[in-house]
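Report on the structure
For reference, the chains in residue letters:
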Amino acid sequence: AQAHLDAIEKARALNAYIVATPDRALKMAEVSDEKIAKGEARPLEGLPLGIKDLFATQGVHTTAGSKILEGFEPHYESNVSTQLWRDGAVMLGKLNLDEFAMGSSNETSAYGKTISPWRRNGSDAAIVPGGSSGGSAAAVAAHLCLGATATDTGGSIRQPAAFTGTVGIKPTYGRCSRWGIIAYASSLDQAGPIARTVQDCAILLGSMAGHDPRDTTSVDRAVPDFEAAVTRGVKGLTIGIPKEYRVEGMPEEILRLWDQGAEWLKAAGATIKEISLPHTQYALPAYYIVAPAEASSNLARYDGVRYGLRVPGKDIAGMYENTRAAGFGREVKRRIMIGTYVLSAGYYDAYYVRAQKIRTLIKRDFERAYADGVDAILTPATPSAAFGLGEMASADPVQMYLNDVFTVTVNMAGLPGIAVPAGLDSQGLPLGLQLIGRPFDEETLFAAAQVVE
Ligand code: GLN
């Protein structure tokens, strides 16, 4: 824990942590030392972890990367982090993220941008770690923690993992409790780990997962031994390659890597099968209706009364307006406006209901593939390698949204997905592949990801 705290101090320039919690870390590490000395070590005893600052941590500043939560110290602890501490893990601090988990580059945080430890060959130019769990991915990649919690609404675990050469899994919707995680889009949000190896991810997910009566969408199902699944191999499995993921303009090297991944799985005994997921092209536009719609509703609670920032006004409505105007950043305001618009009378059927119908069709595409005998689906994790800081922050936000084209389908269908590093591009930046599984079959993903890794 001390070594990691020192490393965090030295790597301040990356801005991966919003706040480090050295006192808490050392106190928890002391308990771990005692447990180990007594021969009572728990499963994660003494392992130093970072927590995405979207998880409520009792008595520790919790910001969601937003100014509107300035000064908020929850009096409760998220279910996922509670389980990690129960198993002996040590908390190093809170990790940076895009404001309210909205973004794909970690450039929208009110606490400054996080920078990736990676650089292009022969260049000093800063690279983004991806988002929204950019702090988690950068911290894991830079060895500022052993593993980290993250959340994924439309790719926020898998895309930053792919951008930083780390492993990240978004489990099946309902596998982890969302209790105590600040909500972005409740029907899509899931927690999961980012770590440096498939095995580390399996160990961490084993601790994070499980039924919680406080989240009615968390599923009452036994948590399998994920670690045991890692070495299971892929012999006899059928891996689907969806032709619709060959999007135009994708770099040749990503296509090559994708073929390479399929070759590795084949060499390990899997059968490769081309499949079709015909509604893929509608996933991104539908996601960018459903997610903002839910966000606009979830974010209504930040009114200056209950949490964090309060900016006075001439009456209570004025206080609400001033607080929200000062507290939310540009991207969050854009999402609230889009969400409110698509939910409003007269537009609801044209946008929101249509997007929900598309969501059903996307889910059916996957169900059909799995019914046809496919065990897991292999795709690139992202359509490009990590981009430079500021390169995408153009006037057109859609450019940034396009990054999520391979990840949002998985959230729309509630399926598990893992991103695993598979190689470097010609500029020396990591590229990741994604494996998508059947509902509650994270085990197959760990087994297949281990072959690719
Ligand atoms: N980039 C996507 C968005 O901004 C996904 C974010 C996420 O998964 N939290 O909505």
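Under an unreviewed UniProt entry, the name given to the protein is Glutamyl-tRNA(Gln) amidotransferase subunit A, and the source organism is Methylorubrum suomiense. Database annotation for the protein, UniProt heading Catalytic activity (unreviewed entry): "L-glutamyl-tRNA(Gln) + L-glutamine + ATP + H2O = L-glutaminyl-tRNA(Gln) + L-glutamate + ADP + phosphate + H(+)". Under the UniProt heading Sequence similarities (unreviewed entry), the note attached to the protein is "Belongs to the amidase family. GatA subfamily."

So, on to the sheet that holds strand 11 (residues 430-437). Taken together, the eleven strands give an open sheet; going across it, the order is 1-3-2-4-6-5-10-11-9-7-8, and neighbouring strands pair in mixed fashion. Strand pairing shows two members of the sheet lacking a second neighbour, strand 1 (17-20) and strand 8 (271-275), which therefore form its edges. Taken pair by pair, the neighbouring strands of this sheet meet at an average axis angle of 30°, ignoring direction. Across two bridges, the pairing between strand 7 (residues 238-242) and strand 9 (residues 376-380) is parallel. Along strand 9, the bridge assignment pairs glycine 240 with isoleucine 377.

A few words on the UniProt feature "active site" (unreviewed entry) in the protein. With numbering aligned to this structure, UniProt lists the feature "active site" (unreviewed entry) at Lys52, Ser132 and Ser156. On the basis of their most widely separated C-alpha atoms, the annotated residues across 105 residues gather in one place, lying no more than 11.2 Å apart. In this fold, lysine 52 is placed in strand 2 (residues 48-52). Among the residues examined, lysine 52 registers 33 C-beta atoms within 10 Å and is labelled buried. Setting aside its immediate chain neighbours within four residues, lysine 52 contacts Leu95, Leu97, Ser133, Gly135, Ser136, Ala148, Thr149, Ala150 and Thr151. Owing to 35 C-beta atoms within 10 Å, serine 132 belongs among the buried residues under this scheme. Beyond its immediate chain neighbours, meaning those up to four positions away, serine 132 contacts Leu97, Asp98, Ala101, Met102, Gly103, Asn106 and Ser156.

Time to look at the pairing of strand 8. With five bridges connecting them, strand 7 and strand 8 associate as parallel partners. When the sheet's bridge partners are listed, isoleucine 241 is paired in strand 8 with glutamate 274. Handedness of the crossover is the feature at issue here: the chain leaves strand 7, passes through helix 8 (residues 252-267), returns alongside strand 8, and the resulting connection is right-handed.

Thresholds, definitions, all that
- Residues numbered from 1 in each chain as written.
- Predicted model: local features only at pLDDT ≥ 70, side-chain atom pairs only at ≥ 80, totals over all residues.
- UniProt positions renumbered as here; feature names shortened; annotations may be inferred.
- Pairing = 2+ DSSP bridges.
- Helix = DSSP H or I, 4+ residues; strand = E, 2+ residues; numbered from the N terminus.
- Axes fitted to C-alpha atoms, helices over the stretch in contact; angles between N-to-C directions.
- Buried ≥ 20, exposed ≤ 12 C-beta atoms within 10 Å, placed from the backbone.
- Contact = placed C-beta atoms within 7 Å.
- Right-handed = clockwise from strand over helix to strand, strands pointing away.

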